[in-house]
Amino acid sequence: MSSPQRARRQLVFGATLLLASMLGGVTAHAQTVEDYTALPLEELLTIEVTSVAKKPQAISEAAAAVSVVTREDIRRSGAQTIPELLRMVPGVEVAQLDTHATALSVRGFNTRFANTLLVMVDGRSVYVSPLSGVLWDQQLVPIESIERIEVVRGPGATLWGSNAVNGVINIVTKHSVDTLGTELSAYLGSTERRAMVRQGGRVGDTVSYRLYATGRQADGLVDENGDPYNDDWRGAQIGFRLDIEPNKNDAFTLQGDAQIGDYRSTLVSPTVTPAGASLLTANDDSGFAGFNLLGRWSRQVSDTLDWTAQAYFDHVSFRDLQSDVTRNQIDTDFGLRWQQSDRQELVVGLAYRVAWDKFLGRGGFISFTNPTETDHWLSGFVQDDLWLVPDRLRLSLGTKLEHNSISGFSAQPSARMFMRLSEKASLWAAASRAVRTPARFETSATIKLGTVPPGVEPNSGSWPLSLSIIGSDSMAAEQLWAYEAGFRADLAGGWTFDIAGYYNDYDKLRSYTPASLTPQPGPSLALQYVTANDGKGRGMGAELSLAGPLADWWQIRFAYSLLDLDIPEQLSRYGVPIELQNPGLSPHNQLSLRSEWTLGQNVEFDAWLRYVDKLPGGPVDDYVDLDLRAGWRFASWGEVTLHGQNLLSRRRLEFTQPFFPTPKNHVERSIALGLHLRF
Amino acid sequence: MQQPTRHMRSIGWAALIVAACVGARPAAAQDAHESYKAAIIYNIIRFAEFGPNFGSGQDRLQLCSFSSEPLADALMQLRGKRVGSRQLEFRRVSGPAEMASCDIAYLGMSASAMRAMPRGPLLISEAPGFAEAGGSVELIRLGRQIRFEINVGSARRLGVSFSSKLLRLAAGVRDDG
């Protein structure tokens, strides 16, 4: 363990207890000066001192497909929002629908409310269960305060529970000791503006804190001719973090944020008017407000035993989709790690969550049978990591047992194996099960989709067809069995290689199953769908990353993702197709190539080339695009950057979707000036 | 019979001391912590650029700490590491006066030693407020965390500059002009 080669591979990862436990691996060896000096400084600084005798946890030892977006990745990408950053991670699909809507998913199933992905900010879930998705535009954590973003592709349900089906994203903010002093950022762009101010300090050698405020304003996207859709977006957030570490064994964190914002949202629904068939566009004043407060206590009882207790309250309210929605959530979590011996480590956890929400439809688009509802989740997990052959072969077995008031009891087990082939190469394989709980709109809402004129998809008849979806309370959880394997190697010259492949077997996928077809006065036909679990599917794919230096001053980072998702079509008993998730809204192939030039101490020049395959299930074409960034550090306290985004095309369409459709919004080329000061 | 026993006893003691130094100590958590701190100090030195006239020689950098300093053992292990074209040396000193001939002085928790210092060595200390008081590098301890604050003005006066990467990773950067 004390060889420098080995230590160099130990990318530090997963300071949170839960994530670390997924990686497994009992590394009971003491770390020498040699071990630590072999680590890059940025990784060295993220090690928690008291746990260093036992850890650092290494990505290179994870029995899962894991990527980490680091501080340096964030800074050099020029990206201003979290979804933009995630475009660099293999296996992740990011498509902007609107200023307030992003379709973001891992390994398929992409839609505006992609529902198979669990997203957390410092361990606080931002997955909105009534909607089954994440409101990405409302994730306003300043990117300057992010320590790293950990992305686990594939199920993480054994540790995190329901909805961690295809992936887990954990956004980890910096410890407040890393944000001392004053920091100011401004980004003035042709399509968006953002500013951030932050003040941090410490009291003695046990307390540090920070306060921040940030605001962002984005111009609306445009149509195919470049005319604006009038969907401007603006939002602001303030927040704080307080860290108290009175001794080497205890760490307390208290943090909170509050936010507000407004935008115009446009919904499109097909309709028939006396003038003929048209698309009805509802331009809606929309907005959001929310706040959260989180407390965490982690304690290192001994070198072999530590635990973390965490509780948070989160309130979200928004007005969109012709609805007023509020959601409140209280979550408590306890996790304990016990290293029984050099060969074995046990992790257990217990969690309880209660969420109460109110979902009021306006304008007849969506209405709920019970506008208010309270849901409970109680869960426990246990995972055991055992080195079958010391330092060579590790087996991790675990399961989550969960009961929730939406879909009842579920067990979400996993088995993971890690094999070290040599000092520089390792293999891993895993089999795991995960479930997704139905959203509120899937169990107890009526959605009126509009009236489709004859001859317009999906109406092949000669009468207008009005479509609606009725939520069924017998809707059950979707299920996945996932089989994964991967290989990692350190190549010559500082290059690293990582490949992961998977086979996902989905069952009980949500379907909109035709239930009745009735003639209406007009004349027209009314087709009513009910939500059911008639879908089955399978996903296969691979993700590859390759990174390394071409010269001292030139770093290359390459990522490739391949996805083949199949959800076979089915016919209902009326001969009408059952509406299933459209697998064609995910690209088959994606490429990302980043080049980072560091020219002397103060000048940087970065390029980011991306290829995203066409979406076969819609009108979205494939595209190649390029971002360029030049940075100049003019003083120890200041840096100025010039950033061009989407430089190869004037505008492009990234996503369309059949339900909750938005107009065909195009993302435009943009250029921006950034200023970053720190005192 | 007495001579061999005494002899064996001293061998026993020697073995114990050797075991304590070689075997048992690296396993203790305290050592990992000191190794970690030493590695951070090494990184700070590694990302520093020393002017051609800085220090006692163009091909070496002498790092010193007081012999009573608990970190001395860990710092000693940095000996021989390269910093640009220079090689790190390590020396234990008994008092502030001896530090004058060092290139880099690790003062531990002691800040008072700094006032006794001539302008020569680059000073690193853990004493709270050290960077604000004009010290070049202050190690910040916050519970489990160790970070550093840099006073680029103080370092500049000694002929030392720091890379932008190091300054970005610093918990704080000051410039006393």
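Structure's up top.
Reference entry: report on the structure contained in this document. (Residues numbered from 1 in each chain as written. Chains lettered and ligands numbered in written order. Predicted model: local features only at pLDDT ≥ 70, side-chain atom pairs only at ≥ 80, totals over all residues. Heavy atoms only, no water.)

1. A word on the overall build of chain A
For step 1, the next point in the chain: The helix and strand inventory of chain A stands at 8 helices and 37 strands.
For step 2, the next point in the chain: Computed over C-alpha atoms, the radius of gyration of chain A comes to 25 Å, within 12% of the 26 Å expected from 2.2 N^0.38 for 679 residues, which places it in the range of a compact globule.
For step 3, the next point in the chain: In terms of overall dimensions, chain A has C-alpha extents of about 80 × 55 × 45 Å along its principal axes.
For step 4, the next point in the chain: Relative to its full complement of 679 residues, chain A shows a buried share of 58%. (Helix = DSSP H or I, 4+ residues; strand = E, 2+ residues; numbered from the N terminus. Rg over C-alpha atoms; globule rule 2.2 N^0.38 Å. Buried < 20%, exposed > 50% of the residue type's maximum accessible area, 1.4 Å probe, protein only.)

2. Let's talk about the nonpolar core
For step 1, the next point in the chain: Grouped together as the largest cluster of nonpolar side chains are 48 residues, with contacts concentrated most on Phe50(B), Phe148(B), Ile150(B) and Phe162(B).
For step 2, the next point in the chain: The leading source of residues in this core is helix 2 (residues 29-46) of chain B, at 9 residues.
For step 3, the next point in the chain: Among the nonpolar cores identified, the runner-up in size contains 40 residues, and Val119(A), Val121(A), Val151(A) and Val152(A) belong to it. (Core = buried A, V, L, I, M, F, W, Y, C linked by side-chain atoms within 4.5 Å.)

3. What to know about the interface of chain B and chain A
For step 1, the next point in the chain: In this complex, chain B contributes 43 residues to the contact, which on the side of chain A involves 48 residues.
For step 2, the next point in the chain: Buried surface at the junction of chain B and chain A, both sides included, amounts to about 3900 Å², of which 55% is carbon and sulfur.
For step 3, the next point in the chain: Of all residues in chain B, the largest losses of buried area upon contact with chain A belong to Leu142(B), Arg144(B) and Arg168(B), amounting jointly to 23% of the total for that side.
For step 4, the next point in the chain: At the boundary of chain B and chain A, one finds 4 salt bridges.
For step 5, the next point in the chain: The salt bridge involving Arg202(A) is made with Glu138(B); its shortest N-O contact spans 3.1 Å.
For step 6, the next point in the chain: Taken together, chain B and chain A are joined by 7 residue pairs in polar contact (both at pLDDT 80 or more).
For step 7, the next point in the chain: No other element matches helix 2 of chain B, which puts 11 residues into the side of chain B that touches chain A.
For step 8, the next point in the chain: Per-class residue counts for the side of chain B that touches chain A are 23 nonpolar, 10 polar and 10 charged. (Contact = heavy atoms within 4.5 Å. Buried area = accessible area lost by both parts, 1.4 Å probe. Salt bridge = Lys/Arg side-chain N within 4 Å of Asp/Glu carboxyl O. Polar contact = N/O pair within 3.5 Å; in protein donor to acceptor, adjacent residues only side chain to side chain. Nonpolar A, V, L, I, M, F, W, Y, C, P; charged D, E, K, R; others polar.)

4. What about the side chain of Thr37(A)?
For step 1, the next point in the chain: With respect to the helices and strands, the residue Thr37(A) is situated in helix 3 (residues 33-37).
For step 2, the next point in the chain: Contact partners of Thr37(A), with chain neighbours within four places excluded, come to Ala39(B), Tyr42(B), Leu78(B) and Lys81(B).

5. A closer look at the sheet that holds strand 8 (residues 145-151) of chain B
Residue and element names in this part refer to chain B.
For step 1, the next point in the chain: Taken in spatial order, the 8 strands make up an open sheet running 3-4-2-5-6-7-8-10, and their pairing is mixed. Each edge of the sheet is formed by a strand with only one pairing partner; in this case those strands are strand 3 (82-83) and strand 10 (172-174).
For step 2, the next point in the chain: In terms of strand pairing, strand 2 (residues 60-66) meets strand 5 (residues 104-106) through 3 bridges, oriented parallel. Paired with Cys64 across the two strands is Ala105, which belongs to strand 5. (Pairing = 2+ DSSP bridges.)

6. Looking at the sheet that holds strand 8 (residues 146-153) of chain A
Residues and elements named next belong to chain A.
For step 1, the next point in the chain: Pairing within the open sheet is mixed, and its 5 strands lie in the order 1-8-9-4-5. Sheet topology places strand 1 (65-70) and strand 5 (124-125) at the edges, where each strand pairs with a single neighbour.
For step 2, the next point in the chain: Of the pairings in the sheet, the one linking strand 8 to strand 9 (residues 167-173) comprises 7 bridges and is antiparallel in character. What sits directly across from Glu150, in strand 9, is Asn170.

7. Brief notes about the pairing of strand 13 (residues 233-244) of chain A
Note on strand geometry: in a regular strand, side chains alternate between the two faces of the sheet.
All names here are of chain A.
For step 1, the next point in the chain: Burial along strand 13 is one-sided: Trp233, Gly235, Gln237, Gly239, Arg241 and Asp243 are buried, while Arg234, Ala236, Ile238, Phe240, Leu242 and Ile244, pointing the other way, are not.
For step 2, the next point in the chain: Note: strand 12 (residues 207-218) against strand 13, 12 bridges, orientation antiparallel. Bridging across to strand 13, Gly215 finds its partner in Ala236.

8. Observations concerning the pattern of salt bridges
Residues and elements named next belong to chain A.
For step 1, the next point in the chain: On inspection of all chains with the given rule, the structure shows 58 salt bridges over all chains.
For step 2, the next point in the chain: Arg76 serves as the salt-bridge partner of Glu604, at 4.0 Å between the closest nitrogen and oxygen. Taken together, the residues span a long stretch of sequence, with Glu604 in strand 32 (residues 603-612) and Arg76 in helix 5 (residues 71-77) at a distance of 528 residues.
For step 3, the next point in the chain: By relative accessible area, which is 6% here, Glu604 ends up buried.
For step 4, the next point in the chain: A residue is classified by how much of its surface remains accessible, and Arg76, at 7% relative accessible area, is buried.
For step 5, the next point in the chain: A salt bridge links Arg436 to Glu478, with the shortest nitrogen-to-oxygen separation between them at 2.9 Å. Taken together, the positions of Arg436 in strand 23 (residues 425-436) and Glu478 in strand 26 (residues 478-490) put the pair 42 residues apart, joining distant regions of the chain.
For step 6, the next point in the chain: Relative accessible area serves as the criterion here: at 1%, Arg436 is assigned to the buried category.

Honestly, it's all geometry; don't read function into it.
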